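So you can see what is in the structure, the chains are spelled out below.
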Amino acid sequence: MPEMILLEAEEKMEKAIEALKREFTQIRTGRANPAILDLVSIEYYGVNTPVKQVASISVPEANQLLIKPFDKSTLKAIEHAISACDLGCAPQNDGVTIRLTFPRLTEERRREMVKNLGKFEEGAKVAIRNIRRDTNDAIKKLGLPEDDEKGYMEDVQKLTDKFVANVGTLTEAKEKELMTV
């Protein structure tokens, strides 16, 4: 039973890491990244549909995205959805495709974005620590012998330390990516 609780905790911590990675993909680094459009969706035949499912998205240049809809009737809807998301650049519609050209980031803006990374990092660490607390509470409720309980709690702490270190590594990598011109 305690092993199941530990596995469940590990799974929840992995989900916290995945959430952090999703947050990081939304941070613009001055380079075009199709993942920045993951949250952009349009109404397509009455259903809210992500842009990446109704168009091909490519990166023709380092700071440019090219969006080519499969159905040309969705061109205006895609353009409007991108404008509404405030991605920091205006979509350019040529009647067949939409181009997004991302401006270069200034040094000041890069430093500001690095500060924002700290908020995401801390949020992920708090989520992992909350999972640790809940897991420890679940282990305590099992009424195990004191030595066994202590051993399982040490396992939970090792798991927590591993995931917190992973959060730090991901944040450092994103910070390096942001500061690279």
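Quick summary incoming for the structure in this document.

Further remarks concern the overall build of the protein chain. Per the secondary structure count, the protein chain includes 5 helices and 6 strands. For the protein chain, the α and β elements follow one another from N to C terminus as α-β-β-α-β-β-α-β-β-α-α. Its C-alpha radius of gyration of 22 Å places the protein chain more than 25% over the 16 Å reference for a compact globule of 181 residues. For the C-alpha atoms alone, the extent of the protein chain along its principal axes is close to 70 × 45 × 20 Å. Considering the protein chain as a whole, with its 181 residues, one finds that 37% of them fall into the buried category. Residue pairs at least 24 apart in sequence account for 63% of intrachain contacts in the protein chain once pairs closer than 6 positions are excluded. Accessible surface for the protein chain amounts to roughly 10,800 Å². Of this, 51% is attributable to carbon and sulfur atoms. In the protein chain, the 28 positive side-chain charges and the 31 negative ones have mean positions that sit 6 Å from each other.

Moving on: the nonpolar core. Of all hydrophobic cores here, the largest spans 19 residues; its most connected members are Leu 37, Ile 67, Ile 78, Ile 82 and Leu 100. For this core, the elements supplying multiple residues, two or more each, are helix H2 (51-54), strand E4 (64-69), helix H3 (75-85) and strand E6 (98-101). Ignoring sequence-local partners within four residues, the contact set of Leu 100 consists of Leu 37, Asn 63, Gln 64, Leu 65, Ile 67, Ile 82, Leu 87, Cys 89, Ala 90 and Pro 91.

Right, let's talk about the packing of aromatic side chains for a bit. Tallied over the entire structure, the rule returns 2 aromatic pairs. Aromatic pair Phe 24 and Phe 120: ring centres 6.5 Å apart, planes at 75 degrees, arrangement edge-to-face. Of the two residues, Phe 24 is situated in helix H1 (residues 2-25) and Phe 120 in helix H4 (residues 107-141); the sequence distance between them amounts to 96 residues. Residue class for Phe 120 comes out partly exposed when judged on its relative accessible area of 29%. Between Tyr 44 and Tyr 45 the ring centres are 4.7 Å apart and the planes differ by 70 degrees, which places this aromatic pair in the edge-to-face class. By relative accessible area, Tyr 44 is classed as partly exposed at 25%.

It is worth spelling out H1 at this point. Along its 24 residues, H1 runs 35 Å from first to last C-alpha, staying within 8% of the 34 Å computed at 1.5 Å per residue. Buried within H1 are the following residues: Pro 2, Ile 5, Leu 6, Ala 9, Met 13, Ala 16, Ile 17, Leu 20 and Phe 24.

For the rest of this paragraph, the subject is the sheet that holds E4. If you trace the 4 strands from one edge of the open sheet to the other, you get E3-E4-E6-E5, paired in antiparallel fashion. Strands at the two margins of the open sheet, each flanked by one partner only, are strand E3 (55-61) and strand E5 (91-93). Direction aside, the axes of adjacent strands within the sheet are offset by 25 degrees on average. Sheet topology note: the E3/E4 ladder contains 5 bridges and is antiparallel. Bridging from a neighbouring strand, Ala 55 pairs with Pro 69 of E4. Here H3 sits on the sheet and contacts E3, E4, E5 and E6; the angle it forms with E5, its principal contact strand, is near 165 degrees.

With respect to the helices and strands, the residue Glu 146 is situated in helix H5 (residues 146-179). Residue class for Glu 146 comes out exposed when judged on its relative accessible area of 69%. Each C-alpha atom, one on Glu 146 and one on Gly 46, is 58 Å from the other, the two residues being 100 residues apart in sequence.

Definitions and cut-offs
- Residues numbered from 1 in each chain as written.
- Predicted model: local features only at pLDDT ≥ 70, side-chain atom pairs only at ≥ 80, totals over all residues.
- Heavy atoms only, no water.
- Helix = DSSP H or I, 4+ residues; strand = E, 2+ residues; numbered from the N terminus.
- Rg over C-alpha atoms; globule rule 2.2 N^0.38 Å.
- Buried < 20%, exposed > 50% of the residue type's maximum accessible area, 1.4 Å probe, protein only.
- Contact = heavy atoms within 4.5 Å.
- Areas by Shrake-Rupley, 256 points an atom, 1.4 Å probe, with all protein chains shown as cover.
- Lys, Arg positive; Asp, Glu negative; His and termini not counted.
- Charge placed at Lys NZ, Arg CZ, Asp CG, Glu CD.
- Core = buried A, V, L, I, M, F, W, Y, C linked by side-chain atoms within 4.5 Å.
- Phe/Tyr/Trp six-rings, centres within 6.5 Å; stacked < 30°, edge-to-face > 60°.
- Expected span 1.5 Å × (residues − 1).
- Pairing = 2+ DSSP bridges.
- Axes fitted to C-alpha atoms, helices over the stretch in contact; angles between N-to-C directions.

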